[in-house]
Amino acid sequence: MVKVNAIALVSPLNHPIIVRSFSLSDHLKYNYVAHTSLDVIEERIALGPKFMDCYLGHLYSLEDVAVYGYVTPTRIKIILALELADAVVRDADVVAIFKAVHTAYHESMSNPFLRLNTMVDFTTDPSSLLNMQTKEWKGLEQRIDNIGRAIGSLPPEPTS
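In this text the structure is predicted, and so the values were computed from the model without any measurement. (Residues numbered from 1 in each chain as written. Predicted model: local features only at pLDDT ≥ 70, side-chain atom pairs only at ≥ 80, totals over all residues. Heavy atoms only, no water.)

Student: What should I look at first to understand the overall build of the protein in this one?
Tutor: Secondary structure summary: the protein contains four helices and five strands in total. Walking the protein from its N terminus toward its C terminus, one meets helices and strands in the order β-β-α-β-β-β-α-α-α. Within the protein, the proportion of its 160 residues that are buried is 47%. Long-range contacts, defined as pairs at least 24 residues apart, comprise 53% of the intrachain contacts of the protein with a sequence gap of at least 6. (Helix = DSSP H or I, 4+ residues; strand = E, 2+ residues; numbered from the N terminus. Buried < 20%, exposed > 50% of the residue type's maximum accessible area, 1.4 Å probe, protein only. Contact = heavy atoms within 4.5 Å.)

Next up, the structure:
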């Protein structure tokens, strides 16, 4: 089973949109992983048509994590930090997680109320919307947490 330690979304201008760590103590570590992944992603994109698929595959391994990359058609970079394990990680499982995160991002950006009262040009860099900390933007965090729960990286939400 694939255990995701963190999910990061990075804007086309390489500003973090969200870095969601599924462990309490390693948030800074996964910010570092997300930023170091950008160099590898830019190299893969620069290689041209051979690597024009959205899924970039395994980027690198660091200590106890394997880092995978995905670039959307709008140049949003999605980075997964998976726990290193002895078991083989199937690309189909990783691609399914990427597609779920991409869908969550798309649904959040499609929220018509997200842009209310904003004077910021978010067409080139959506990270400015996250800095506003509006309740509408919290939907992305909730969607990513739901993905984490579905794949077992977060405990189930307590029922009341």
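Student: Any chance you could explain helix H2 (residues 91-109) here in plain terms?
Tutor: Between its first and last C-alpha atoms H2 spans 27 Å; for 19 residues at 1.5 Å apiece the expected length is 27 Å, and the two agree. For H2, the complete set of buried residues consists of Val 94, Val 95, Ile 97, Phe 98, Val 101, Ala 104, Tyr 105, Ser 108 and Met 109. (Expected span 1.5 Å × (residues − 1).)

Student: Even after reading the chapter, I still don't get the pattern of salt bridges, so can you show me in this structure?
Tutor: A side chain of one charge can pair with a side chain of the opposite charge when the charged atoms of the two come close. Applying the stated criterion to the full structure yields six salt bridges. Of the charged contacts, one joins Glu 63 and Lys 29 as a salt bridge, the two residues approaching to 3.7 Å between their closest N and O atoms. On the criterion of sequence distance, the pair formed by Glu 63 in the loop between strand S3 (55-62) and strand S4 (65-71) and Lys 29 in helix H1 (residues 27-46) is long-range, its members being 34 residues apart. Judged by relative accessible area, which is 67%, Glu 63 ranks as exposed. Overlapping salt bridges bring together Lys 29, Glu 63 and Asp 64 as one network. (Salt bridge = Lys/Arg side-chain N within 4 Å of Asp/Glu carboxyl O.)

Student: What is the right way to read empty space enclosed by the protein from this model?
Tutor: Over the atoms, a rolling probe the size of a water molecule traces out where space has been left empty. Applying the stated criterion across every chain, the model contains two cavities of 30 Å³ or more. Taken as a whole, the largest cavity spans an internal volume of roughly 40 Å³. Ala 6, Ile 7, Ala 8, Val 19, Tyr 30, Val 33, Ala 34, Ile 79 and Ala 81 together form the lining of the largest cavity. Per-class residue counts for the lining of the largest cavity are nine nonpolar, no polar and no charged. Considering only enclosed or pocket space, the second largest cavity measures out at about 30 Å³ in volume. In this structure, the second largest cavity is lined by Val 10, Asn 14, His 15, Pro 16, Val 19, Ala 34, His 35 and Leu 38. Its residues assigned to classes, the lining of the second largest cavity shows five nonpolar, three polar and no charged. (1 Å grid on protein atoms, 1.4 Å probe; cavity = no way out; pocket = protein on both sides within 12 Å on 5 of 7 lines; lining within 4 Å. Points joined across faces, edges and corners; volume = space filled by probe spheres on them. Nonpolar A, V, L, I, M, F, W, Y, C, P; charged D, E, K, R; others polar.)

Student: Would you mind showing me how to read the pairing of strand S5 (residues 77-83) here?
Tutor: Every other side chain in a regular strand lies on the same face of the sheet, so the side chains alternate between the two faces. Within S5, six of the seven residues are buried, which leaves the element mostly enclosed by the surrounding structure. Looking at chain direction, strand S1 (residues 4-10) and S5 are connected through six bridges and run antiparallel. Paired with Val 4 across the strands is Leu 82, a residue of S5. When S4 meets S5, the two strands line up antiparallel, connected through seven bridges. (Pairing = 2+ DSSP bridges.)

Student: So what exactly am I meant to see when it comes to the packing of aromatic side chains here?
Tutor: Where two aromatic rings form a pair, the distance of their centres and the angle of their planes describe that pair. Within the structure shown, the criterion is met by two aromatic pairs. A centroid spacing of 5.9 Å and a plane angle of 55° characterise the contact between Tyr 55 and Phe 98, whose relative ring orientation is tilted. Here Tyr 55, found in strand S3, pairs with Phe 98, found in helix H2; they are 43 residues apart in sequence, far enough to count as distant. There is no split in this pair, since Tyr 55 and Phe 98 are both buried. An angle of 15° between the planes, with centres 5.1 Å apart, marks the rings of Tyr 70 and Phe 98 as stacked. Separated by 28 residues along the polypeptide, Tyr 70 in strand S4 and Phe 98 in helix H2 bring together distant segments of the chain. Taken together, Tyr 55, Tyr 70 and Phe 98 form an aromatic cluster joined through their ring pairs. (Phe/Tyr/Trp six-rings, centres within 6.5 Å; stacked < 30°, edge-to-face > 60°.)

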